[in-house]
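Summary of structural features
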Amino acid sequence: MSDWKKSITPMVFPGKIAVPYTWTVGSTLSKFYCELRDNGKIWANKCPACKTVFVPPKVKCIHCYRDPSIWVELPGTGTVESYTIVRYEEPMLHPRKAPFVYGLIKMDGADTCMVHIIDEIEPEKVKVGMRVEAVLSENREGNILDISHFRPVK
Amino acid sequence: MERVAIIGVSQTKYTQNNPLTFAELVYQVTTEALEDAGITIQDIDNVVSVSSDFWDGRTISSMAISDASGAYGKDITTVEGDGTFGALYGLMRTLSGSFNTTLVVAHHKGTESNMKGITNTAFDPLVERRLGLDAISSAALQARRYMTKYGLKEEQFALVSVKNHGNAMRNPLALFPMEITVEDVMNSRKIADPLKLLDCSPVTDGAAAIILATEHVAKKLVPPKKCVWVKGVGHCSDAFRLGDRDLADTRALTAAAKRAYSLAGIQDPCRELDLAEVYDAFSYMEPLWLEGLGIAPEGMACEYLERGKFDFHGQLPVNPSGGRISTHPVQVAGLSELVECALQLRGEAGDRQVEGARTALAHGINGMCGQAHCVWILGK
């Protein structure tokens, strides 16, 4: 390294990028969110070829690349396939204060899992295989947090 | 198909809060890789850069480092993903007939931004992003699913952290070389159960570069001892959404590995490989990927780990460099694995040299929880 570099303290410029976006939701997920917001229902869609049921619904079946054209209403219950207790705070990202639980929930009537928050239970008491049900938000705006969280089936 | 060789390599020492700019890092590894090959920038036909606009905090990030990579007056393109995928594109360009030599260069400064915020933006803004998921919390879901499927224990994952941080003691470029115990891992701060601090890789800065050349040009440019040959490559991707996959199912990796082994003529990877660099961004990933790679039967890799099979002096040393768990410059990481494998096969790996290494495997991932995999087999 050249000698002149030894006498330099490199500078650091702090910065932040904040750019507004609008994301088109598309007709498949718009139907899902409208049903959730307006009727408090969770809908999935089913591939007519391989019969796989997707929730949230998909534009194309991941196996057959066919339109999952059959709409199916789900009961909103499921089984915890995996979970984690998040211990770190990330207030810009997290909808809850840590510690809180994310679950991978195999939804009844569907072949896929939903990732969501598990609440109304002490985090340490959550178990794989536990039966849970969706709790809807009171003020629903048409997004994934219209399901406030999942809680153990009583 | 013409053979392709890696004829020059370089990587930085991996650090945090590195005072060099992105471009300075790229200048450094480009210059050193050319010196390693004993060629000049005029010998390079085209450049593949590996970077991510979100991590760099700028768009078209390849343009910003094009001068630094010596791309002025040449063709430069970018892969936004792990370095193994950047190298894959470089290989394809080299084999296309359009270019005889390709420089692949990756840079990353994780300490300049917020890893959780950036990996959160990898999730679908229409669904999971709003839940606040990131690389760590989604990996934790995968770790627990893997434990559940095969009845594995956190202590078994901790062995990976012990082994690889220990291996890093032999690697002067590693960020966190450490002699630790299973107890240290188990007692480290809980991050997202079952993951603790020492199950997670550190935010890291650094850069790496490799130079690829077709056989007829490689033989003209460099002496034979510099040539490390690409024996096979395979890549495959799984579903984007976490809930659409079984997170303990490694079908995409299995398919990628099968293609790579088939090209390389490998039938029994555990016996035929001399070392493997596997993408251990989190401790549990090493055994999970070893199973996907067919190096251990499903659910058995942890038991093999316990028996020392993957130790530095074991049957198949895995992550002799210290792995991603000790040093994790995202995007650079897979290219660094290729550099490590090349050095091993040239017998120039210093204290971390695996005796008599003739065939090596490098494995990279893209996307959350290993959505996509790229497997390389390199040989002498």
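**Things to note about the sheet that holds strand 2 (residues 53-54) of chain A**
Residue and element names in this part refer to chain A. With respect to topology, three strands assemble into an open sheet ordered 2-1-3, the strand pairing being antiparallel. On the outer flanks of this sheet lie strand 2 and strand 3 (70-74), each paired with one strand and no other. Sheet analysis places strand 1 (residues 42-46) next to strand 2, joined by two bridges and oriented antiparallel. Counterpart to K46 in the pairing with strand 2 is V53.

**Overview of the interface of chain B and chain A**
If you look at the interface, chain B gives 29 residues, while chain A gives 33 residues. Going through the elements one at a time, helix 5 (115-120), helix 6 (135-150) and strand 5 (190-192) of chain B are the ones with two or more residues in the side of chain B that touches chain A. Among the elements that line the side of chain B that touches chain A, the one with the most residues is helix 6 of chain B, at six residues.

**Quick look at the pairing of strand 7 (residues 131-136) of chain A**
All names here are of chain A. Examined bridge by bridge, strand 4 (residues 77-86) and strand 7 share three bridges and lie antiparallel to one another. Bridge pairing in strand 7 places G78 opposite V132. In terms of strand pairing, strand 7 meets strand 8 (residues 147-152) through five bridges, oriented antiparallel. If you follow E133 over to strand 8, its bridge partner there is R151.

**Digging into the confidence of the model for chain B**
Averaged over every residue, the pLDDT of chain B is 97; residues scoring 70 or more account for 100%. In the predicted assembly, ipTM is 0.96 and pTM is 0.97.

**Considerations on helix 1 (residues 22-37) of chain B**
Residue and element names in this part refer to chain B. Here helix 1 contains 16 residues, and its C-alpha end-to-end distance of 23 Å stays within 8% of the 22 Å for a straight helix at 1.5 Å per residue. Taken together, the buried positions of helix 1 are F22, L25, V26, V29, T30, A33, L34, D36 and A37. In a view along the axis of helix 1, the buried residues occupy a sector of 160°, so they form one face of it. The elements touched by buried residues of helix 1 are strand 1 (4-11), helix 2 (53-56), helix 3 (61-64), strand 4 (101-109), strand 7 (205-214) and helix 9 (215-221). Where helix 1 terminates, the next one or two residues include G38, which has phi positive at roughly 75°.

**Some points on helix 4 (residues 83-95) of chain B**
With 13 residues, helix 4 of chain B ought to run about 18 Å at 1.5 Å a step, and its terminal C-alpha atoms sit 18 Å apart, in line with that. Looking one or two places after helix 4 of chain B, you find B:G97, whose phi comes out positive at around 95°.

**A short note on the sheet that holds strand 3 (residues 75-79) of chain B**
Residues and elements named next belong to chain B. Pairing within the open sheet is mixed, and its nine strands lie in the order 3-2-4-7-1-8-11-10-9. A strand with exactly one partner marks an edge of an open sheet, and here the two such strands are strand 3 and strand 9 (275-277). Neighbour-to-neighbour, the strand axes of this sheet turn through a mean angle of 25°, independent of strand direction. For strand 1 and strand 7, the ladder comprises seven bridges, and the chain directions are antiparallel. Residue pairing across strands places G8 opposite I211, the latter belonging to strand 7.

**Some words on the environment of B:N319**
All names here are of chain B. Within the element layout of this structure, N319 appears in the loop between helix 13 (301-306) and helix 14 (323-326). For N319 and Y72, which are 247 residues apart along the polypeptide, the C-alpha to C-alpha distance reads 36 Å. Leave out the neighbours within four places in its chain, and N319 touches N164, N167, E277, V278, D280 and E286.

**Describing the pairing of strand 4 of chain A**
Residues and elements named next belong to chain A. Strand 4 sits mainly inside the fold: eight of its 10 residues count as buried. In this structure, strand 4 lies alongside strand 5 (residues 100-107), joined through eight bridges in antiparallel fashion. The residue of strand 5 that forms the bridge with Y83 is G103.

Rules of the game
- Residues numbered from 1 in each chain as written.
- Chains lettered and ligands numbered in written order.
- Predicted model: local features only at pLDDT ≥ 70, side-chain atom pairs only at ≥ 80, totals over all residues.
- Pairing = 2+ DSSP bridges.
- Helix = DSSP H or I, 4+ residues; strand = E, 2+ residues; numbered from the N terminus.
- Contact = placed C-beta atoms within 7 Å.
- pLDDT = per-residue confidence, 0-100.
- Expected span 1.5 Å × (residues − 1).
- Buried ≥ 20, exposed ≤ 12 C-beta atoms within 10 Å, placed from the backbone.
- Arc of directions from axis to C-beta.
- Axes fitted to C-alpha atoms, helices over the stretch in contact; angles between N-to-C directions.

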